[in-house]
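A look at the structure
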Amino acid sequence: MAEDQELVKRCLAGDDAAWETLLTFHHRKIYNLCYRFTGSGTEAEDLTQEVFIKVFQTLRTFDPLQGQFSTWLNRVARNHLVDHYRKVSRDRATASLDDEEEGLHPRAAPSAEPATQVEDRERKELLQAALARLSPDMREVVILRDLQDLDYAEIAQVLGVPEGTVKSRINRGRLELGRILKRMLKKERLE
Amino acid sequence: MTHWEVSNLLTDYSEGALDRARAAQMAEHLASCEECRAMLDDVQFALRALRTAEDVEPSPWLVRRILQATTGERKPKWVERLPGWMQWALRPQVVYTVSMAVFSLSFILYTSRVNLQAVELRKLNPTTWVYRANSRGHLLVARAEKFYYDLRFVYELESILRQLKQQPSSQPGSPQNPQKPGGGSSDIQSSDVGQLALGSTQDLSAIQFRETTWQRGRRSLTP
Ligand SMILES: [Zn+2]
């Protein structure tokens, strides 16, 4: 959007209010992206903060001729998440399978919650757990396409891969996600 | 079409992105292949789950936290310095509801003439309140009526004077037009009841209208 570009220009000129506007406008999307990758609210907030610090420091490298600000922002966020995951996966290499199983069995909800609310929450946690089981390259395209509403071209730009690759990853990702979800639901019903 | 081709086009097919010929070919294959139908169902199942997923909300302090970490300490707004529940209480819906409740209560207290400095238990009986509010309400209506008639009398007088000024040289003996001062006054009396009834129904409909618009506004405010 031209509005974003104007705000970036003002930010670079040292206008703090413009930065606040830009941040207020975009932080929710980035937070959601981080949340979908981590499944944790606090972790997502930390990551969102780190992403925006990076954005603040590298705002000068944003080139409006190469695409929208939101695409650039998503790329910065995605690269940060990849770095973060590389670090975390090294730590988690030895982690037991129990952690992963935990995602499958959401903690029992307090009985005071209305039934629909419990269902709603379980459905959300189920999706989150299913996303976590998807391979990273499929997970990121599915999140970007179906939860962040980016189009194929934007995703290709964010990931730096051809559009055809994006398309086939989305295709496989959705298929795999559907299978995982069904398997998880079946397992839950048996218990 | 082969299984392989179909499996690669599941997304395009479910998004309606295939041209008519390809879609027809695919539909043909799906009709005869259970395996591919199951795959399509998996994809559509995932899409349903993803599309019904709602955005998650970050905490309201996230922006401030990031601002502190980037442009530096900013003087917090007075609202942000309040504890969480107070910020909640300052949301427009809450403020509106509370102020309406206070307004209604004070109106009832006023009309029922409850002296808050000398409240007796007996006086807090709702029937007493309703009775008092009712009689006080009637008194208000009566006063309004009186004011209305006072005002009307003044207007009548004014119009008569204007008429007299406009026709100073008319024949003194002959009768004037039908709307003579005398006729006018009798007119007031005869139409009094009608006017009162008309006035009160108009007032009532105005109140009802205001009430419905208020309710509509309230409904649109509550999420
Ligand atoms: Zn087949």
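Read on for an overview of the structure. Remember, predicted model here, so these are calculated numbers, not experimental data.

Cut-off values and rules
- Each chain carries its own residue numbering, running from 1 in the written order of its sequence.
- All chains are assigned letters beginning at A, and all ligands numbers beginning at 1, according to the order in which they are written.
- Since the coordinates come from a predicted model, pLDDT governs what is reported: local features require at least 70, and pairs of side-chain atoms require 80 or more to be given and counted, while whole-chain, interface and lining totals use all residues.
- Water and hydrogen atoms play no part in the side-chain values, which are based on all heavy atoms of the structure.
- Labels follow the DSSP assignment, with helices taken as runs of H or I lasting at least four residues and strands as runs of E lasting at least two, numbered in each case from the N terminus.
- Accessibility here uses a 1.4 Å probe with only protein chains present; expressed as a share of the type maximum, an area under 20% marks a residue as buried, one over 50% as exposed, and anything in between as partly exposed.
- For this analysis, residues touch if any pair of their heavy atoms sits within 4.5 Å.
- To be clear on the numbers: accessible area is Shrake-Rupley with a 1.4 Å probe, and residue cover counts the displayed protein chains and nothing else.
- Axis definition: a line fit to C-alpha positions, over the contact stretch in the case of helices; interaxial angles, taken between N-to-C directions, run 0 to 180 degrees.
- Orientation labels follow simple angle bins: below 35 degrees gives roughly parallel, above 145 gives roughly antiparallel, 65 to 115 gives roughly perpendicular, and whatever is left gives oblique.
- Crossing chirality is assigned from the near helix's rotation relative to the far helix, an anticlockwise turn below a right angle marking it left-handed and a clockwise turn marking it right-handed.
- Residues are grouped as follows: nonpolar covers Ala, Val, Leu, Ile, Met, Phe, Trp, Tyr, Cys and Pro; charged covers Asp, Glu, Lys and Arg; every other residue, Gly included, is treated as polar.
- Counted as donors are the N, O and S atoms within 2.8 Å of the metal, or 3.2 Å for Na, K and Ca, while water is not among the atoms, so some sites may look incomplete.
- Angular criteria define each label, namely tetrahedral for four donors with all angles between 85 and 135 degrees, square planar for four and octahedral for six donors with opposite donors over 155 degrees apart and remaining angles between 65 and 115, and irregular for whatever fails these tests.
- Working definition of a nonpolar core: buried Ala, Val, Leu, Ile, Met, Phe, Trp, Tyr and Cys residues. They are joined through side-chain atoms within 4.5 Å.
- Each domain's extent is set by a domain assignment, obtained either automatically or from a database.
- For Phe, Tyr and Trp, where Trp contributes only its six-membered ring, two rings pair if their centres lie within 6.5 Å, and the inter-plane angle classes them as stacked under 30 degrees, edge-to-face over 60, or tilted in between.
- Between N or O atoms, a polar contact is any pair within 3.5 Å; within protein, one atom must be a potential hydrogen donor and the other a potential acceptor, and residues adjacent in sequence are included only when both atoms are from side chains.
- What gets called buried area is simply the loss in accessible area from a 1.4 Å probe that two parts show on being joined, summed for both.
- The term salt bridge refers to a side-chain nitrogen of Lys or Arg lying within 4 Å of a carboxyl oxygen of Asp or Glu.
- Given a residue, its bend is the angle between the two axes fitted to the seven residues that end at it and to the seven that start from it.

Some remarks on the overall build of chain B
Along the backbone of chain B there are 10 helices and zero strands. Starting at the N terminus and ending at the C terminus, chain B contains elements arranged as α-α-α-α-α-α-α-α-α-α. Put simply, chain B has 223 residues, and 17% of those count as buried. In chain B, 45% of the contacts between residues at least 6 apart in sequence involve partners at least 24 apart. As displayed, chain B has an accessible area near 16600 Å², and 61% of this comes from carbon and sulfur atoms.

Observations regarding the packing of helix α3 (residues 20–32) of chain B against helix α4 (residues 34–51) of chain B
Residues and elements named next belong to chain B. Running from N to C, α3 and α4 point in directions that differ by 110°, and their axes come no closer than 6 Å. When the axis of α3 is compared with that of α4, the two are roughly perpendicular. α3 and α4 meet at a crossing whose hand is left-handed. Of the residues in α4, those in contact with His 29, Leu 30, Ala 31 and Ser 32 of α3 are Glu 34, Cys 36, Arg 37 and Leu 40. Taken together, the residues that form the contact of α3 with α4 break down as four nonpolar, two polar and two charged.

Structural notes on the coordination of the zinc ion
Residue and element names in this part refer to chain B. His 3 (ND1), His 29 (NE2), Cys 33 (SG) and Cys 36 (SG) make up the full set of protein donors to the zinc ion, lying at 1.9 to 2.3 Å. The coordination sphere of the zinc ion comprises four donor atoms, whose angles at the metal cover 101 to 112°; the geometry is tetrahedral. Donor residues for the zinc ion sit on one chain with the sequence pattern H-x25-H-x3-C-x2-C. When sorted by exposure, His 29 lands in the same class as Cys 33, which is buried.

What about the nonpolar core?
Residue and element names in this part refer to chain A. Formed by 57 residues in total, the largest nonpolar core has its most connected members in Trp 19, Val 55, Phe 69, Leu 131, Ile 155 and Leu 177. Here this core gets 10 residues from one element, more than from any other, and that element is helix α2 (residues 16–38). Viewed by domain, this core spans two of them, domain 1 (1–89) and domain 2 (112–191), each represented by three or more residues. What Val 55 contacts, discounting residues up to four positions off in sequence, is Trp 19, Phe 69, Trp 72, Leu 73 and Val 76.

Remarks on the packing of aromatic side chains
Residue and element names in this part refer to chain A. One pass over the structure, following the stated rule, counts six aromatic pairs over all chains. When the ring of Trp 19 is compared with that of Phe 52, the centres are 6.3 Å apart and the planes differ by 70°; the resulting orientation is edge-to-face. In this pair, Trp 19 is assigned in helix α2 and Phe 52 in helix α3 (residues 41–58), connecting sequence segments 33 residues apart. Note on accessibility: Trp 19 and Phe 52 belong to one class, buried. With centroids separated by 5.6 Å and ring planes inclined at 50°, the aromatic side chains of Phe 62 and Trp 72 adopt a geometry described as tilted. Taken together, the residues Phe 62 in the loop between α3 and α4 (69–92) and Trp 72 in helix α4 connect sequence positions 10 residues apart.

Topic: the side chain of Gln 49 of chain A
Topologically, Gln 49 of chain A is positioned in helix α3. For Gln 49 of chain A, a relative accessible area of 16% translates into the label buried. Look past the residues within four positions of Gln 49 of chain A in its chain and what remains in contact with it is Arg 65, Ile 66 and Ala 69 of chain B.

Some words on the side chain of Asp 42 of chain B
Tracing the backbone shows Asp 42 of chain B in helix α4. On the basis of relative accessible area, Asp 42 of chain B is assigned to the buried category, the value being 8%. Here Arg 179 of chain A takes part through its side chain, which lies 3.4 Å from a polar atom of the side chain of Asp 42 of chain B. When sequence neighbours within four positions are dropped, the list of residues in contact with Asp 42 of chain B reads Arg 174, Leu 175, Gly 178, Arg 179 and Lys 182 of chain A.

Regarding the interface of chain B and chain A
Across the boundary between the two partners, chain B contributes 35 residues, which contact 38 residues of chain A. Carbon and sulfur atoms supply 58% of the area that chain B and chain A bury against each other, a total of about 3400 Å² over both sides. If you look at where chain B meets chain A, you find eight salt bridges. A salt bridge links Glu 45 of chain A to Arg 65 of chain B, with the shortest nitrogen-to-oxygen separation between them at 3.5 Å. The interface formed by chain B and chain A contains 17 residue pairs in polar contact (both at pLDDT 80 or more). Elements supplying a minimum of two residues to the side of chain B that touches chain A: α1 (3–8), α2 (10–14), α4 and α5 (62–70) of chain B. With 11 residues, α4 of chain B is the largest single contributor of residues to the side of chain B that touches chain A. Along the lines of polarity and charge, the residues of the side of chain B that touches chain A split into 18 nonpolar, seven polar and 10 charged.

Focus: α2 of chain A
Residues and elements named next belong to chain A. Considering bend angle alone, the principal kink of α2 is centred on His 26 and spans about 45°. One side-chain oxygen at the N-terminal end of α2 lies 3.0 Å from the backbone nitrogen of Ala 17; it belongs to Asp 15. One or two positions beyond α2, positive phi appears at Gly 39, with a value near 75°.

With respect to the pattern of salt bridges
As enumerated under the stated definition, the model contains 13 salt bridges over all chains in all. One salt bridge in this structure joins Asp 12 of chain B and Lys 167 of chain A, with 3.8 Å as the shortest N-O distance. Linking Asp 12 of chain B in helix α2 with Lys 167 of chain A in helix α9 (residues 163–190), this pair reaches from one chain into another. Connected via shared salt-bridge partners are Asp 146 and Arg 174 of chain A together with Glu 15 and Arg 51 of chain B.

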